[in-house]
Amino acid sequence: MKKILVTGALGQIGSELTEQLRSTYGEDNIIASDIRRPENPSGIFEEIDVTKEKEIYEISKKYKVDTIIHLAALLSAKAEAFPKVAWEINMGGLVNALEAAKQLDLKFFTPSSIGAFGPSTPKDNTPQDTLQRPTTMYGVNKVAGELLCDYYFSRFGVDTRGVRFPGLISYVTAPGGGTTDYAVEVYYEAIRKGTYTSYIAQGTHMDMMYMPDALNAIIQLMEADPDRLKHRNAFNITAMSAAPEHFAASICKQIPDFEMDYQVDPVRQGIAESWPDSINADAAKEEWGFEAAYDIDSMTIDMLKKIREKLKKNSA
Ligand code: SER
């Protein structure tokens with residue numbers, strides 16, 4: 001990767017990935033894009049509506065990029081609220097991005113998700129290759145996306161790669177519209193109020209990961225030797241399998257008075273229950289050396305520290 005276009009660069013992953021790519025590959029080599037221009041973009045920025053057929057192609061050509069990292073998408077709960085819009089953005093955007101990669105011979109990354117699994121998938125130690133019959137629009141989009149990326153590789157030779165991300169936790173940009181968002185909210189509320197009401201029920205396990213591990217995974221996979229890759233577009237990766245009470249216990253080690261209670265949201269609970277409890281990441285480890293650095297307690301220490309600094313700075 002030398003010159004990279006990032007779509008959805010203002011989103012949860014994109015806002016941090018763009019900065020990391022800029023410091024690794026150079027300011028002038030990263031083209032951030034999103035549907036709207038921020039007030040003060042920090043580097044090269046282009047407005048792209050991924051649903052418009054030619055916009056990704058035109059900007060990729062203009063800057064002579066060699067890689068597209070396609071992140072523009074709706075998350076699971078939002079996609080359930082607006083299924084048709086999700087189809088248009090998640091699938092329409094993806095095929096437009098893949099077409100640009102095909103026509104300009106670009107490397108390509110897009111994330112899949114634990115949402116690509118469904119109720120009939122084995123729940124524990126979920127294998128890399130297994131039953132995928134998701135029951136959400138987001139899941140339908142993700143499975144179709146995995147297959148579409150495989151198709152563009154096998155049919156047209158596009159160097160497509162991807163991972164199935166678990167719930168991603170970060171202090172920089174809020175996720176907005178996902179099922180795993182509680183695992184971010186809980187840290188803010190722990191600092192602001194000392195309590196948190198979880199919309200996910202006690203005992204509901206999902207895979208999670210701290211954002212620095214997710215960013216490293218993207219870069220590591222994109223730089224991996226293609227000869228070692230038996231899979232391409234849907235590597236299971238995870239750092240921890242956790243339920244709300246595990247976040248509460250981890251936070252209590254730092255904020256002993258912290259308390260969590262529950263008011264379950266049936267929609268997001270239903271989505272969570274349709275996903276695995278813990279996925280198996282052996283293929284990613286074997287084929288490109290994936291490894292997560294953060295567990296729940298080291299993540300909690302860092303999240304609390306960084307959110308405190310952020311809130312202090314914002315109130316100054
Ligand atoms: N974090 C995502 C969501 O909850 C899962 O891919 O939608």
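Each chain has its residues counted from 1, following the order in which its sequence is written. For a predicted model such as this one, the threshold for reporting local features is a pLDDT of at least 70, and the threshold for listing and counting side-chain atom pairs is 80 or more; totals across whole chains, interfaces and linings nevertheless cover every residue. Side-chain descriptors were evaluated using all non-hydrogen atoms of the structure, hydrogens and water having been removed beforehand.

You'll find the protein entered in an unreviewed UniProt entry as L-threonine 3-dehydrogenase, with Oceanobacillus neutriphilus given as the organism. UniProt positions are given in the numbering used here, feature names are shortened, and annotations may be inferred rather than shown by experiment. Entered under Sequence similarities (unreviewed entry) in the UniProt record, the comment concerning the protein runs "Belongs to the NAD(P)-dependent epimerase/dehydratase family."

### Focus on the environment of Val140
Mapped onto the elements, Val140 comes out in helix H5 (residues 137–156). Given the relative accessible area of 36%, Val140 is considered partly exposed. Residues Val140 and Tyr182, spaced 42 residues apart in sequence, show a C-alpha to C-alpha distance of 23 Å. Excluding residues within four positions of it along the chain, Val140 makes contact with Trp87 and Pro134. Helix and strand definitions follow DSSP, with helices as H or I runs of at least four residues and strands as E runs of at least two, each counted in order from the N terminus. Classification of residues uses two cut-offs on accessible area relative to the type maximum, computed with a 1.4 Å probe and protein chains only: under 20% is buried, over 50% is exposed, and between them is partly exposed. Note on contacts: a residue pair is in contact if any heavy atoms of the two residues lie within 4.5 Å.

### A short note on the site of the ligand
The environment of the ligand is made up of Leu75, Ser76, Ser113, Tyr138, Gly167, Gly178, Thr179, Thr180 and Trp275. Between an oxygen atom of the ligand and a side-chain N or O atom of Ser113, the distance comes to 2.6 Å. What qualifies as a polar contact is a pair of N or O atoms within 3.5 Å, subject to a donor-acceptor requirement within protein and to the restriction that residues adjacent in sequence count only when both atoms come from side chains. Take Thr180: an N or O atom from its side chain is 2.8 Å from a nitrogen atom of the ligand. When the ligand is considered free in solution it has 240 Å² of accessible area, and contact with the protein chains removes 94% of it. The rule is simple: put a 1 Å grid over the protein atoms alone, call a set of points where a 1.4 Å probe fits but cannot get out a cavity, call an open set with protein on both sides within 12 Å along at least five of seven lines a pocket, and count a residue as lining if it has an atom within 4 Å of a point. Throughout, a molecule is located in a cavity or pocket provided that more than half of its atoms lie within 2 Å of its grid points. The cavity that encloses the ligand is the largest pocket. Note on residue categories: nonpolar means Ala, Val, Leu, Ile, Met, Phe, Trp, Tyr, Cys or Pro, charged means Asp, Glu, Lys or Arg, and polar means any other residue, Gly included. Here the residues of the shell around the ligand are counted per class, giving 3 nonpolar, 6 polar and no charged. Residues are counted as near a molecule or strand when any one of their heavy atoms sits within 4 Å of it. We get accessible surface area from the Shrake-Rupley algorithm with a probe of 1.4 Å; when it comes to residues, only the shown protein chains can shield them.

### Overview of unusual backbone geometry
You will see that Asp105, though not glycine, has its phi angle at about 60°, which is positive. Judged by its relative accessible area of 66%, Asp105 is exposed.

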